[in-house]
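Spelled out from the first residue to the last, the chains are:
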Amino acid sequence: YETDCIVPDAMPDVIRVLATDAAAVTEEVTPGSGTVSVKFKIFYKILYMTDAGDTLVKSFRTMSEHICIFDVPDMNENCIRNALCTAEHCDYTLTNSRKLALRTAVRIEPECYSPEDVGFASSILGSENMQTLTEPFNLTTARGEITSTLVMTERTELPGGKAPILEVLRADPRVCDVSTQL
């Protein structure tokens, strides 16, 4: 997805972009006739260098809205729908000192399913003079979702003589050696 952003008027001109970061958030999932549309926003953080003032490094935030439509042949109003949007990669082109062209690769995972009502007879009235064959019947319908939050704390000491950090714009943690058992 592509969008242009203008540096806010209160901010100095851009000489060089140091980093861009993007996060995608699902706003709305709407069913249509055989389709589902996903409305989402991409939030950007831009860290850049300037030659104006005491602080040579500045940052600002911006946002863009997008809609993506997926073909879902059996989609109807009763379907339960959800979508997960993830910004995979963000790139930029510095058009001029006040304008950036941002390009973002977004992974969208729509999920649509229909709830089912399953009925079965548990007994028959008036069957006293009738022979019935009963077998155990296993009915299993399962849908689960597990959300887990893990908070990890890591402290990093800054070398002496460096200015304090106001905001961390980007940290890239990686989880390794994950195992799951059921």
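Everything here concerns the structure above.
Computed from a predicted model, the values in this text were never measured in an experiment. Numbers given for residues are sequential positions, taken from 1 along each chain in its written order. Confidence filtering applies because this is a predicted model: local features only for residues at pLDDT of at least 70, side-chain atom pairs given and counted only at 80 or more, and all residues used for totals across whole chains, interfaces and linings. By convention in this description, side-chain values take in all heavy atoms of the structure and omit both hydrogens and water.

### Structural notes on the pairing of strand β1 (residues 2–6)
Burial classification: accessible surface area is computed with a 1.4 Å probe over protein chains only, and a residue below 20% of its type maximum counts as buried, one above 50% as exposed, and the rest as partly exposed. Numbering of helices and strands runs from the N terminus; a helix is a DSSP stretch of H or I covering at least four residues, while a strand is a stretch of E covering at least two. Taking every second residue as pointing to the same face, the buried face of β1 carries Thr3 and Cys5, while none of Glu2, Asp4 and Ile6 on the other face is buried. For two strands to be treated as a pair, DSSP must find no fewer than two bridges joining them. Taken together, the five bridges between β1 and strand β6 (residues 99–113) define a ladder with antiparallel strand orientation. The residue bridging Ile6 from the neighbouring strand is Lys99, located in β6.

### A closer look at the nonpolar core
Buried Ala, Val, Leu, Ile, Met, Phe, Trp, Tyr and Cys residues form a nonpolar core when they are joined through side-chain atoms within 4.5 Å. With 26 residues, the main nonpolar core has Phe40, Ile46, Phe60 and Leu100 as its most contacted residues. Mapped by element, the contributors of at least two residues to this core are β2 (16–31), β3 (35–49), β4 (57–71), β5 (80–96) and β6. A per-element tally of this core places β3 first, with seven residues. Contact between two residues is taken to exist if any of their heavy atoms lie within 4.5 Å; hydrogens are not considered. Setting aside residues no more than four positions away along its own chain, Ile46 makes contact with Cys5, Val17, Ala19, Thr20, Lys58, Ser59, Phe60, Thr62, Leu100 and Leu102.

### Observations regarding the side chain of Thr104
As for its placement among the helices and strands, Thr104 is situated in strand β6. With a relative accessible area of 5%, Thr104 lands in the buried category. A polar contact of 2.8 Å, which involves the side chain of Thr104, links it to the side chain of Tyr44. Look past the residues within four positions of Thr104 in its chain and what remains in contact with it is Tyr1, Ala22, Ile42, Tyr44, Ala87, His89 and Cys90. Here a polar contact is taken to be a pair of N or O atoms separated by no more than 3.5 Å, where protein atoms must pair a possible hydrogen donor with a possible acceptor and residues adjacent in sequence count only if both atoms sit in side chains.

### Focus: the state of the cysteines
The disulfide definition used here is simple: a pair of cysteine sulfur atoms within 2.5 Å. Across all of its chains, the model carries zero disulfides by this definition. Left without a disulfide partner, Cys68 is nearest to the cysteine sulfur of Cys85, which lies 8.3 Å away. This cysteine, Cys90, is not joined by any disulfide, and Cys5 carries the nearest cysteine sulfur, 9.1 Å off. The class of Cys90 is buried, set by a relative accessible area of 14%.

### Things to note about the sheet that holds β2
The antiparallel open sheet is built from three strands, whose spatial order is β2-β3-β4. Each having just a single partner strand, β2 and β4 make up the two edges of the open sheet. In this sheet, neighbouring strand axes are inclined to one another by 15° on average, regardless of whether the strands run parallel or antiparallel. As judged from the 14 bridges shared by β2 and β3, these two strands associate in the antiparallel manner. Axis definition: a line fitted to C-alpha atoms, limited for helices to the stretch in contact. Angles are taken between N-to-C directions and run from 0 to 180 degrees.

### Some points on the environment of Gly53
With respect to the element layout, Gly53 can be found in the loop between β3 and β4. Classification of Gly53 as exposed rests on a relative accessible area of 64%. Separated by 41 residues in sequence, Gly53 and Pro12 have C-alpha atoms that sit 8.5 Å apart.

### Focus on a nonpolar patch on the surface
Together, Leu18, Leu56 and Val57 line one region of the surface with nonpolar side chains, adding up to about 220 Å² of accessible area. For Leu56, the position within the fold is in the loop between β3 and β4. Like-charged residues within 9 Å of one another, or nonpolar side chains (Val, Leu, Ile, Met, Phe, Trp, Tyr) within 5 Å, are grouped into patches, provided each residue has over 30% relative accessible area and no salt bridge. Every accessible area reported is derived by Shrake-Rupley at a probe size of 1.4 Å, with residue values counting cover from the shown protein chains alone. Salt bridge, as used here: a side-chain nitrogen of Lys or Arg that lies within 4 Å of a carboxyl oxygen of Asp or Glu.

So yeah, pure geometry; function would need other evidence.
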